[in-house]
Amino acid sequence: MDDLDKLPSFGAGETPRCSTSSLDRRFMVIPTSVSRLIELRLAEFLSGPSDVRQDIARRYGALPVYSDMGGNIFLTPSGDVVFLGDEGVVTALPGAPPDWALVARIAAAEKYPELAGLVPTRPDSAPNCPACGGAGRQLELRFRCGSCLGLGWVRAV
Ligand SMILES: [Zn+2]
């Protein structure tokens, strides 16, 4: 099979929700240097060992950045998100909704440390996420926090 990543899961039936939806779209612009790194990783993935996600990656030009029981998330070099559900349904999310874009970017940075530039910089005024106390994880760190999606902080109101 494929190398499913050992990333924490969102938890059964849990849809990512986000209190950081108000994140400015400027945060979502991917710097050219980071886009290039995504392209390089994608080329590497496509020429790597056979993987069930390669078809989707090739068709959409998107790098797989997250996998769990619920599906796979892909990120394109321009920041669009593609979701492959566990039933094989593909949903392309051009100009991805901020929640999905953020999930994809955090996951990408966790999987590929050189993509750390994808994670929004924490503003000085941003308090710790009240739901996870700043850990970005819940339930003994097994699950990504559903409120901050793993950032560990929220936007000041
Ligand atoms: Zn949190």
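The structure contained in this document is the topic of the report that follows. (Residues numbered from 1 in each chain as written. Predicted model: local features only at pLDDT ≥ 70, side-chain atom pairs only at ≥ 80, totals over all residues.)

### Some words on unusual backbone geometry
At step 1: Phi angles above zero are rare outside glycine, and Leu-149 is one such case at about 65°.
At step 2: On the secondary structure map, Leu-149 appears in the segment after strand E6 (143-144). (Helix = DSSP H or I, 4+ residues; strand = E, 2+ residues; numbered from the N terminus.)

### Quick notes on the nonpolar core
Where a protein is soluble and globular, its nonpolar side chains tend to be buried together.
At step 1: Of all hydrophobic cores here, the largest spans 34 residues; its most connected members are Val-65, Ile-73, Phe-74, Leu-75, Val-81 and Ala-104.
At step 2: Elements that contribute at least two residues to this core include exactly helix H1 (32-46), strand E1 (63-68), strand E2 (71-75), strand E3 (81-85) and helix H3 (98-111).
At step 3: Each of domain 1 (25-119) and domain 2 (122-157) accounts for three or more of the residues forming this core.
At step 4: The residues touching Ile-73, leaving out its near neighbours within four places in the chain, are Val-65, Tyr-66, Val-81, Phe-83, Val-103, Ala-104 and Ala-107. (Core = buried A, V, L, I, M, F, W, Y, C linked by C-beta atoms within 7 Å. Buried ≥ 20, exposed ≤ 12 C-beta atoms within 10 Å, placed from the backbone. Domains from an automatic or database assignment. Contact = placed C-beta atoms within 7 Å.)

### As for the pairing of strand E4 (residues 90-93)
At step 1: Where E3 lies against E4, 4 bridges are found, and the strand directions are antiparallel. Paired with Leu-84 across the two strands is Val-90, which belongs to E4.
At step 2: Adjacent in sequence and paired antiparallel, E3 and E4 are bridged by 4 residues, among which Gly-88 carries a positive phi angle near 85°. (Pairing = 2+ DSSP bridges.)

### Some points on the pairing of E1
At step 1: Taken across its 6 residues, E1 has 5 buried, putting it largely inside the fold.
At step 2: In sequence, E1 turns back onto E2 through a hairpin of 2 residues.

### Observations concerning the sheet that holds E4
At step 1: The strand order across the open sheet built from 4 strands is E1-E2-E3-E4, with neighbouring strands paired in antiparallel fashion. In the strand order of this sheet, the two ends are held by E1 and E4, each with one partner. Each strand of the sheet is rotated relative to its neighbour by a mean of 20°, with strand direction disregarded.
At step 2: Here 5 bridges tie E1 to E2, and the two strands are oriented antiparallel to one another. Across the sheet, residue Tyr-66 finds its bridge partner in E2, namely Ile-73.
At step 3: Sheet strands touched by H1: E1 and E2. Its angle to E1, the strand with the most contacts, is close to 70°. (Axes fitted to C-alpha atoms, helices over the stretch in contact; angles between N-to-C directions.)

### Overview of H1
At step 1: With 15 residues, H1 should cover 21 Å at 1.5 Å per step; its first-to-last C-alpha distance of 21 Å lies within 8% of that length.
At step 2: For H1, every residue scored as buried is listed here: Val-34, Leu-37, Ile-38, Arg-41 and Leu-42. In an axial view of H1, the angular spread of the buried residues amounts to 140°, which keeps them on one side of the axis. Residues of H1 that are exposed and angled more than 90 degrees away from the buried face: Thr-32, Ser-33, Arg-36 and Ala-43.
At step 3: At its buried positions, H1 is contacted by helix H2 (54-60), E1 and E2. (Expected span 1.5 Å × (residues − 1). Arc of directions from axis to C-beta.)

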